[in-house]
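Structural features, examined
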Amino acid sequence: MNEDLRNVVLGVLATGVSASLGWLTRTYLSRRKLRRKQAFFGLRDGSECLLVVNRKAGSEGSVHRVDVSALLELSALIKDCGALPQIVQHDAIRQGLGDRTEFCVGGPSSNRRMAAHLSSLLPGLTMSIEPEPGENRGLVTVGGEVYRAEWGVTEYVALARLTGGDGGRPVFLFCGQSAITNQAATRYLARHHEKLARKYDSSPFVLLLKVVNSDAYGPDVVELVADVTSAARTAPAPEPAAS
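Here is a short report on the structure shown in this document. All values derive from a computational prediction rather than experimental measurement.

Cut-offs applied
- The numbering scheme is per chain: residues are counted from 1 as the chain's sequence reads.
- With the structure being a predicted model, the display of local features is reserved for residues of pLDDT at least 70 and the display and counting of side-chain atom pairs for 80 or more, all residues being used for whole-chain, interface and lining totals.
- Values shown for side chains rest on all heavy atoms present in the structure; no hydrogens or waters enter the calculation.
- Definitions used for this entry: grid spacing 1 Å over protein atoms alone; cavity, a set of points where a 1.4 Å probe fits but cannot get out; pocket, an open set with protein on both sides within 12 Å along at least 5 of 7 lines; lining residue, one with an atom within 4 Å of a point.
- Grid points are joined across faces, edges and corners, and a volume is the space filled by probe spheres set on the points.
- Numbering goes from the N terminus for both helices and strands, where a helix is a DSSP run of H or I of at least four residues and a strand is a run of E of at least two.
- Residue type decides the class: Asp, Glu, Lys and Arg count as charged, Ala, Val, Leu, Ile, Met, Phe, Trp, Tyr, Cys and Pro as nonpolar, and the leftover types, Gly among them, as polar.
- Under the convention used throughout, the expected extent of a helix is 1.5 Å for every residue step, that is, one less than its residue count.
- A residue's bend is given by the angle between axes fitted to the 7 residues ending at it and the 7 residues starting at it.
- A 1.4 Å probe rolled over the protein chains alone gives each residue an accessible area, and that area as a share of the maximum for its type sets the label: buried under 20%, exposed over 50%, partly exposed in between.
- Only strands that DSSP links by at least two bridges are regarded as paired with each other.

A separate point is empty space enclosed by the protein. Over the atoms, a rolled probe matching the size of one water molecule traces out where space is still vacant. In total, this model carries one cavity of 30 Å³ or more according to the counting rule given. Together, Leu-50, Gln-95, Gly-96, Leu-97, Gly-98, Asp-99, Arg-100, Glu-102, Pro-170 and Val-171 line the largest cavity.

Written out as structure tokens, the structure reads:
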């Protein structure tokens, strides 16, 4: 074999080895990224999870079209993890926490399951359930602060990842003052889950988000107001008895 041919063969071999190493590295990194995502969401290949849906205000069983969009975005995340979603109406579910990952969408006025989660898991966070329009509809109170919606301009939503029960699977809450805020929270989670996983790992968190000018921007412009994990998970001190 002359020198020129040997150089060609060596070049081809080097290119093949380099390409193989690159492919193996990309595959490893891709799988590691998927495993981290699955761990954060508590999902495994072929596992089942719950999508708990609320009802449209003033209806008996229909879901608001914006909440349907939120469910579709969550379904995409679930599919990426190789899991299978089961959609359940909020008033038809009778089971505890931890056995399966749960995604619960909607405020306590339209989602009975959400009302139960707030009461048992987030005793320090309340949301008004007044059905009639008014300045206190959907009012959020947490950590001694009050967050009142200015509809279409400034609205709030709590995004939480919590754990409970023996199975260790998380429950994700999207508890907003309106359907558009629920979708904003699901979109925020879809965009920032890697950052949230790095920051919180498997620890619980409760974030208060502000949706800005939803009349113009829909669910796309979202600001983090505060991490209210400690305040939301701590029951307020009882008021002193009247003398």
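Moving on from the model shown.
The subject of this paragraph is the layout of surface pockets. Reported here for the second largest pocket is a volume of approximately 320 Å³. Taken together, 14 residues line the second largest pocket, and the ones lying closest to its centre are Lys-33, Arg-36, Lys-37, Glu-194 and Ala-197. At the level of secondary structure, the elements contributing two or more residues to the lining of the second largest pocket comprise helix H1 (3-41) and helix H4 (179-200). By residue number, the principal contributor to the lining of the second largest pocket is H1, which donates seven residues. Here the lining of the second largest pocket is built from residues that sort into four nonpolar, two polar and eight charged.

Turning our eyes to something else, we now look at H4. Over its 22 residues, H4 runs only 27 Å from end to end, short of the ideal 32 Å by more than 12%, given 1.5 Å per residue. Of all the bends in H4, the greatest, near 70°, is centred on His-192. Two residues or fewer after H4 comes Asp-201, characterised by a positive phi angle close to 55°.

In this section: the pairing of strand S8 (residues 170-176). Burial analysis of S8 places seven of its seven residues in the buried class, which makes it a mostly covered element. By the alternation rule, side chains of S8 split into Pro-170, Phe-172, Phe-174 and Gly-176 and Val-171, Leu-173 and Cys-175, which are all buried. Bridge analysis of strand S3 (residues 101-105) against S8 gives four bridges, and the strand direction is parallel. Across the sheet, the residue bridging to Glu-102 is Val-171, located in S8. With seven bridges connecting them, strand S7 (residues 154-163) and S8 associate as antiparallel partners. For Ala-158, the partnering residue across the bridge sits in S8 and is Cys-175. Turn length for the S7-S8 hairpin, with the two strands adjacent in sequence and antiparallel, is six residues, and the turn residue Gly-165 shows positive phi of about 80°.

No statement about biological role is implied by the geometric values presented.
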